[in-house]
Amino acid sequence: MTMQTIIKSEKRLLHKNEELRHRLKEAEDTLNAIRNGEVDSIVVSHNGNDKIFTLVSAETPYRVIVEQMNEGAITLSAEGVIVYCNQRFLKLIAIPHKKILGSYFSDLVVEEDKAKFRILFQHGLTRKIDGMIRCITGDVQTIYLNLLLSPLPPEILGDTCIVASDISKLKHKEEELSRSNETLEQRVIERTSKLTRALEELSISNENLIVAKLKAEESDRQKSAFLANMSHEIRTPMNAILGFTELLKKHQLPVERQQRYITMIEKGGERLLNIINDLIDLSKIEAGQLKVNLESCNIKEQVEYIYTFFKPEVDQKKMEIIIHKGLPEKDTTILTDREKVLAILSNLVKNAIKYSDKGAIEIGYYIKRDSITPEMIFFVKDAGIGIPQENLESIFNRFEQVDNSHVRHCEGVGLGLSIVKGYVEMLGGKVWAESEFGNGSTFYFTIPYNRTESGEIKIPSDIVSAEVTAKIRKKLKILIVEDDESSAMLQAEIVEKQSREVMFAVNGYMAVSILKKNPDTDLVLMDINMPFMNGFETTRQIRVFNKDVIIIAQSVHVFDSDREKSLESGCDAFMVKPLKRALLNEMLIKYFSKKG
Amino acid sequence: MKATTLKFEENTIESSRDYYRLRLFVTGSTPNSVRAIANIKKICEEYLNGRYELDVVDLYEKPNLAKGEQIMAAPTLIKKHPLPLRRVIGNMSNTERVLFGLDLKPKSGI
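What counts, and where the lines are drawn
- Residues numbered from 1 in each chain as written.
- Chains lettered and ligands numbered in written order.
- Predicted model: local features only at pLDDT ≥ 70, side-chain atom pairs only at ≥ 80, totals over all residues.
- Heavy atoms only, no water.
- pLDDT = per-residue confidence, 0-100.
- Helix = DSSP H or I, 4+ residues; strand = E, 2+ residues; numbered from the N terminus.
- Axes fitted to C-alpha atoms, helices over the stretch in contact; angles between N-to-C directions.
- Parallel < 35°, antiparallel > 145°, perpendicular 65-115°, else oblique.
- Left-handed = near helix turned anticlockwise from the far one by under 90°.
- Contact = heavy atoms within 4.5 Å.
- Pairing = 2+ DSSP bridges.
- Buried < 20%, exposed > 50% of the residue type's maximum accessible area, 1.4 Å probe, protein only.
- Buried area = accessible area lost by both parts, 1.4 Å probe.
- Salt bridge = Lys/Arg side-chain N within 4 Å of Asp/Glu carboxyl O.
- Polar contact = N/O pair within 3.5 Å; in protein donor to acceptor, adjacent residues only side chain to side chain.

Novice: Just checking my understanding: could you explain the confidence of the model for chain B for this structure?
Specialist: Close reading of the predicted structure is inappropriate where its pLDDT is low. All names here are of chain B. Here chain B averages 79 in pLDDT, while 81% of its residues score no lower than 70. The spread of mean pLDDT over the elements of chain B runs between helix H1 (residues 2–15), the lowest at 51, and strand E1 (residues 20–26), the highest at 91. Scoring the predicted complex yields pTM 0.38 and, for the interface, ipTM 0.75.

Structure representation (structure tokens):
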């Protein structure tokens, strides 16, 4: 062995030594690295096959992620059995861990979605796929899950894994939205139909407005017709009054003719007064100022009174008037407003006389018992000109009179029947007419039949007593307080026979002064409507120093308030102007016969 | 002719003793694998700038590549060139040991 060979072999040994040391260091490093946890997996050769074992520590982050994530994570075996699931899925499905492991995932799926899930699962064994299914939870809620299935590599627990997202909230929102969409649609439909209805209502109310307008025009027309008619009706008696007065003034006439003229003037005046009274009655009815004064009233007597009252007029027209008594006398006393029943009857009879020239006027009454509350029915029948069918209702309207242009020429302004209607309705009854044009008419009205036992009835008295003078104690000293001269003259004329002295005052101050000077005055006729100091105030001042003198207030106003006020201020009685001799006489008897 | 020259030059560089061919075996994105990739990249940039080639192999994806390389664990770095073949195991956080494995000297004073 040469030196060179020795050196060479030594070198080789050194090199080998070096290499071995290196390998040793490597092995040591490997062990250290494993010990220090710097290694994640170990490769093991087994039967010529390398198997990689990942260390638990290396998987920790994934496990943490999988357990913490907000999605459910499940792995299924090839048979569809759940072999693993995370906490989140347990929470979602609300079934305990022990129970869910080993069960079939398809058991959780709702019946309708099972087929869909089977398809998803079959695909999920070999490739990624996703789809939505519904599951039933442990507390029997239906939840919507979006599933993402992916196949797992072999050698791992399970064959497919599922990531399940709960989209129930989204789904519910979606359903809510679609529901609210539906309700919105519904509301739109409802609103539309409401609008349509409103439109229809509008068009109806429009029609009503047109009808109302026509009615207003009609009532306007009636008013104008009424005014024209009225002015004619007032003018006629006025012409008579003025004309005959003129005649009386200018010519020296025989007494007989004078008397005739005076009668004509009187009649004209009465007619005017009637018109005005009717107007006042009607306006009171319409203003609701009239009261119903119920009292015991014998119907039979009222009808007889009407009979007696109109008999002369009927006789004059060579006609007849007949009463039909439909009740035994003991049943004819009822509780009602006597004055109004009389007014109704007299208006109807007046009309019957006015509109007929022949035959009989029949007045009657009977009881209708078939209704719940028994009613008394009155009728007034005539054989006159009758009323056309189409006017049977409108004749009761204010201002309405059957067109008179070629049928009749009768006085009247068409107020009578509307007064009748107003009174009947106030008494709680109704009024109607039956007629055949040209063959007479029958007017009916009803009032409630409230029977009373008392038969004591005041007989209406508008009778002129010729014996007044005899009945009162003495001739009276009278003061007439009146600012209108003609009115004062008329009053003086009326009381002339009962007076020993008549004084005049044209205002309240004068009246007070005269009375102070004449304490022996018996009667004051006090006008209410005077300038400066009215009748109420004057009376009050008189009463301060004279409590005995009889004061009768007079007013053209027929309102109850005037009556009340005058009595309050100290008057003894109240009368409506113009003064009626008969009524005044009654008063005089009342106040001055007692004293004597 | 130019292409031939370039190829020649490449071959020269790659086969020169200064050129390093490295292979890092990892298992997916396990913590030490991720760390190892980051560490070795940093070391290579610092010590072998421009003269190295790093090949990262995921054993999960290509388990068969472990065969014949005598891989025992992951991560493992293998210096395939220049010879001799060397292995470094772990997450490559110990730079000194890595440099020793690569037959490189640490930069002194740093």
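Novice: Is there a simple way to explain the packing of helix H6 (residues 168–250) of chain A against helix H7 (residues 255–287) of chain A in this structure?
Specialist: In helix packing, the relevant descriptors are the interaxial angle and the interaxial distance, both defined with respect to the helix axes. Residue and element names in this part refer to chain A. Closest axis-to-axis distance for the H6/H7 pair is 8 Å, and the angle between their directions is 155°. By the criterion of interaxial angle, the relationship of H6 to H7 is roughly antiparallel. Remark: the crossing between H6 and H7 carries left-handed chirality. Residues Phe 226, Met 230, Glu 233, Ile 234, Thr 236, Pro 237, Met 238, Ile 241, Phe 244, Thr 245, Leu 247 and Leu 248 of H6 pack against Gln 258, Tyr 261, Ile 262, Met 264, Ile 265, Gly 268, Gly 269, Arg 271, Leu 272, Ile 275 and Leu 279 of H7.

Novice: Please clarify how the pairing of strand E4 (residues 82–85) of chain A should be interpreted in this entry.
Specialist: Across a regular strand the side chains alternate sides, sitting on one face of the sheet and then on the other. Residue and element names in this part refer to chain A. Inspection of the sheet shows strand E3 (residues 72–76) paired to E4 by 3 bridges, in the antiparallel sense. Bridge pairing links Thr 75 to Tyr 84 in E4. Between E3 and the antiparallel strand that follows it, E4, lie 5 residues; Gly 80 among them carries a positive phi value of about 90°.

Novice: Sorry if this is basic, but what is going on with helix H10 (residues 416–426) of chain A here?
Specialist: A turn of α-helix holds 3.6 residues, and therefore any two residues three or four places apart point the same way. All names here are of chain A. Within H10, 8 of the 11 residues are buried, which leaves the element mostly enclosed by the surrounding structure. In this structure, the buried residues of H10 make contact with H7, helix H9 (338–354), strand E13 (431–435) and strand E14 (441–448). Where H10 terminates, the next one or two residues include Gly 428, which has phi positive at roughly 90°.

Novice: Before we go on, may I ask you to explain the interface of chain B and chain A in this structure?
Specialist: Interface size is often expressed as the accessible area that is lost when the parts come together. Of the residues lining the interface, 27 residues belong to chain B; the matching set on chain A comes to 23 residues. Overall, the association of chain B and chain A removes approximately 2200 Å² of surface from exposure, summing both partners, and the carbon and sulfur fraction of that is 50%. Seen at the junction of chain B and chain A, the total is 3 salt bridges. A salt bridge links Asp 29 of chain A to Arg 97 of chain B, with the shortest nitrogen-to-oxygen separation between them at 3.4 Å. Where chain B touches chain A, the interface holds 14 residue pairs in polar contact (both at pLDDT 80 or more). Counting only elements with at least two residues in the side of chain B that touches chain A, the list comes to helix H2 (31–47), strand E3 (73–74), strand E5 (86–89) and helix H3 (95–101) of chain B.

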